[in-house]
Amino acid sequence: MTQYVEHRLKGKVKNHVKMAFKIFFGILFAIAFAILMGYGIMWLWNWLMPELFGFRHIGFWQAVGLLALARILFGGLGGGHSKGKYRKKKKRECYGGKKDFSKWKFYDQYWEEEGKKAFDAYVERVRENNTQEDDTAL
């Protein structure tokens, strides 16, 4: 019994250590990404904007602020992956999953044999209903 408990505890400790490393390196990656993006935006701004539009040069923190503002306004820079999964799931629910398109090979034959007649009957019903509604409206 104690070996089982020790084994479970070791597994839990391993999982916690792995999670701590993932969080630590995730934070480091986010910081490195922000620094690189800040310098990239600063470099592009200072290279293009003063020449093209006569704007003044900006510093690193102004570039990071510009990046944050763009993120807030436009919602770019990744993220939102779960939205795509949600949309796909919702689409499957709405349309019933995978469609069987093998039935479509009979569409032309159906339209020639029954579809035209059924459509003409439908149009006639609609016209009759519209004339009846027009008569009751008068």
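Model, not experiment: these values are computed from the prediction.

Thoughts on a nonpolar patch on the surface
Together, Trp43, Leu44, Trp47, Leu48, Leu52, Phe53 and Phe55 make up an exposed nonpolar region whose accessible area comes to about 800 Å². Residue placement: Trp47 occurs in helix 1 (residues 2-53).

Description of the packing of aromatic side chains
Tallied over the entire structure, the rule returns 8 aromatic pairs. Each ring, one from Phe29 and one from Phe33, has its centre 6.4 Å from the other, and the planes form 25°; the classification is stacked. Taken as a pair, Phe29 and Phe33 lie in helix 1 at a separation of 4 residues, close to a single helical turn. Look at Phe29 and you get exposed, because its relative accessible area is 60%.

So, the nonpolar core
Formed by Ile41, Met42, Ile58, Phe60, Ala63 and Leu67, the largest nonpolar core amounts to 6 residues. When contributions to this core are tallied by element, the ones reaching two or more residues are helix 1 and helix 2 (60-74). In terms of residue count, helix 2 provides more of this core than any other element does, 3 residues in total. When residues no more than four places from it in sequence are discounted, the contact partners of Met42 are Ile58, Gly59, Phe60 and Ala63.

Focus: the environment of Asn46
When you line up the elements, Asn46 lands in helix 1. For Asn46, a relative accessible area of 21% puts it in the partly exposed group. Residues Asn46 and His57, 11 residues apart in the sequence, show an inter-C-alpha distance of 5.2 Å. Apart from the residues lying within four places of it in its own chain, the contact partners of Asn46 are His57 and Ile58.

Description of a negative patch on the surface
On the surface, Asp108, Glu112, Glu113 and Glu114 cluster together to form a negatively charged patch. Of the residues examined, Glu112 reaches a relative accessible area of 67% and is grouped as exposed.

Comments concerning the confidence of the model for the chain
Averaged over the chain, the pLDDT score is 80; the fraction of residues at 70 or greater is 72%. The secondary-structure element of the chain with the lowest mean pLDDT is helix 3 (residues 81-95), recorded at 60, while helix 2 shows the highest, at 89.

Rules of the game
Residues numbered from 1 in each chain as written. Predicted model: local features only at pLDDT ≥ 70, side-chain atom pairs only at ≥ 80, totals over all residues. Heavy atoms only, no water. Patch = residues over 30% accessible without salt bridge, like charges linked within 9 Å, V, L, I, M, F, W, Y side chains within 5 Å. Areas by Shrake-Rupley, 256 points an atom, 1.4 Å probe, with all protein chains shown as cover. Salt bridge = Lys/Arg side-chain N within 4 Å of Asp/Glu carboxyl O. Helix = DSSP H or I, 4+ residues; strand = E, 2+ residues; numbered from the N terminus. Phe/Tyr/Trp six-rings, centres within 6.5 Å; stacked < 30°, edge-to-face > 60°. Buried < 20%, exposed > 50% of the residue type's maximum accessible area, 1.4 Å probe, protein only. Core = buried A, V, L, I, M, F, W, Y, C linked by side-chain atoms within 4.5 Å. Contact = heavy atoms within 4.5 Å. Lys, Arg positive; Asp, Glu negative; His and termini not counted. Charge placed at Lys NZ, Arg CZ, Asp CG, Glu CD. pLDDT = per-residue confidence, 0-100.

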